[in-house]
Amino acid sequence: DGGITQSPKYLFRKEGQNVTLSCEQNLNHDAMYWYRQDPGQGLRLIYYSQIVNDFQKGDIAEGYSVSREKKESFPLTVTSAQKNPTAFYLCASTGGLAGQPSGDEQFFGPGTRLTVL
Amino acid sequence: ILNVEQSPQSLHVQEGDSTNFTCSFPSSNFYALHWYRWETAKSPEALFVMTLNGDEKKKGRISATLNTKEGYSYLYIKGSQPEDSATYLCASRSFQGAQKLVFGQGTRLTINP
C-alpha cells in the first residue's frame, strides 16, 4: 500500500543530544514537508523540499536540519540547538500536477512524539 | 508569514445537530484553501481544496464554502455523528509562496451522543 511512514512513534531524548526522525514515502511524490505541532497551536512548517537534493527553511527552522538525498526519504534532525524540542512532529508529501491547486493536497504520516527528558 | 485563523478553537455539539466553523485567511495573493480532518490517533486527511470565489464543495454531510474577496471559508457539518469528532484544520497557500501551506490552529469538534 502507498503511504508515508514515520519512525519511531515515540522518542525520548536527553538534553544536549541530537536525534533524527525518519520519514519515508512510496507515493512517488516530489515534495516533502516537516511540521511541528504544539498544544493549542496549528501545524508549523519546519523545512520542506520540492525536489531531491534541494530543501528550504520553513517558519521555524532554527535548531533543525534536513537532507533529501533520495526522493522517498526526508529525515529531520533535531539538534541540541533547538531550545524547546518536545513536540509532535508530522511529515507530509505532495505529488500532484505542478501548477494545479489540487497538487498541494498533503498526505501525512502518523507522526513522531518527541520528548526531551 | 500568512496568518490563518480558525474559530472557535473547540466546539461541543449534540449528535444530530448541525454545526459550522470558520477559517479566515489573507485575501491578497490568494491561491488555494484546504480543509483537513484529523481524527485522534490518525493522520490528517484532506477534505477539500478550494480555489474560486464562491466555490462550494460537498462530501457526504460535510460541505465548505469559500469567499476569497473577504478571506474566509466556512465548513458545515449536517446532522453531526460521533464519527465526526475530530480536529478540523484549514490551510492557505498564496501565489507568492512556494508549494507550501500555512495552517490555522484548528477547530476541535466533539460530538456528544
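Going by the structure above, here's the rest.
Residues numbered from 1 in each chain as written. Chains lettered and ligands numbered in written order. Predicted model: local features only at pLDDT ≥ 70, side-chain atom pairs only at ≥ 80, totals over all residues. Heavy atoms only, no water.

Student: Help me understand the layout of surface pockets, please; the structure alone is not making it clear to me.
Tutor: It is the rolling of a water-molecule-sized probe over the atoms that shows where space remains empty. In this structure, the largest pocket occupies an estimated 760 Å³ of space. Residue assignment for the lining of the largest pocket shows that the elements contributing at least two residues are β9 (87–94) of chain A together with β9 (86–94) and β11 (107–112) of chain B. Per-element tally for the lining of the largest pocket: the top contributor is β11 of chain B, with four residues. Counted by class, the lining of the largest pocket contains 10 nonpolar, 13 polar and six charged residues. (1 Å grid on protein atoms, 1.4 Å probe; cavity = no way out; pocket = protein on both sides within 12 Å on 5 of 7 lines; lining within 4 Å. Points joined across faces, edges and corners; volume = space filled by probe spheres on them. Helix = DSSP H or I, 4+ residues; strand = E, 2+ residues; numbered from the N terminus. Nonpolar A, V, L, I, M, F, W, Y, C, P; charged D, E, K, R; others polar.)

Student: Can you help me understand the state of the cysteines in this one?
Tutor: Enumeration over the complete set of coordinates arrives at two disulfides over all chains. Covalently, C23 of chain A is tied to C91 of chain A through a disulfide, its sulfur atoms 1.8 Å apart. What sets the handedness of the C23 of chain A and C91 of chain A disulfide is the S-S torsion sign, and at about -75° it is left-handed. Within this pair, whereas C23 of chain A is found in strand β3 (residues 19–25), its partner C91 of chain A is found in strand β9, the two being separated by 68 residues in sequence. By relative accessible area, C23 of chain A is classed as buried at 1%. Through a disulfide, C23 of chain B is tied to C90 of chain B; the S-S separation comes to 2.0 Å. Its S-S torsion of approximately 75° makes the covalent link between C23 of chain B and C90 of chain B right-handed. Taken together, the residues span a long stretch of sequence, with C23 of chain B in strand β3 (residues 19–24) and C90 of chain B in strand β9 at a distance of 67 residues. Of the residues examined, C23 of chain B reaches a relative accessible area of 0% and is grouped as buried. Relative accessible area serves as the criterion here: at 0%, C90 of chain B is assigned to the buried category. (Disulfide = S-S within 2.5 Å. Buried < 20%, exposed > 50% of the residue type's maximum accessible area, 1.4 Å probe, protein only.)

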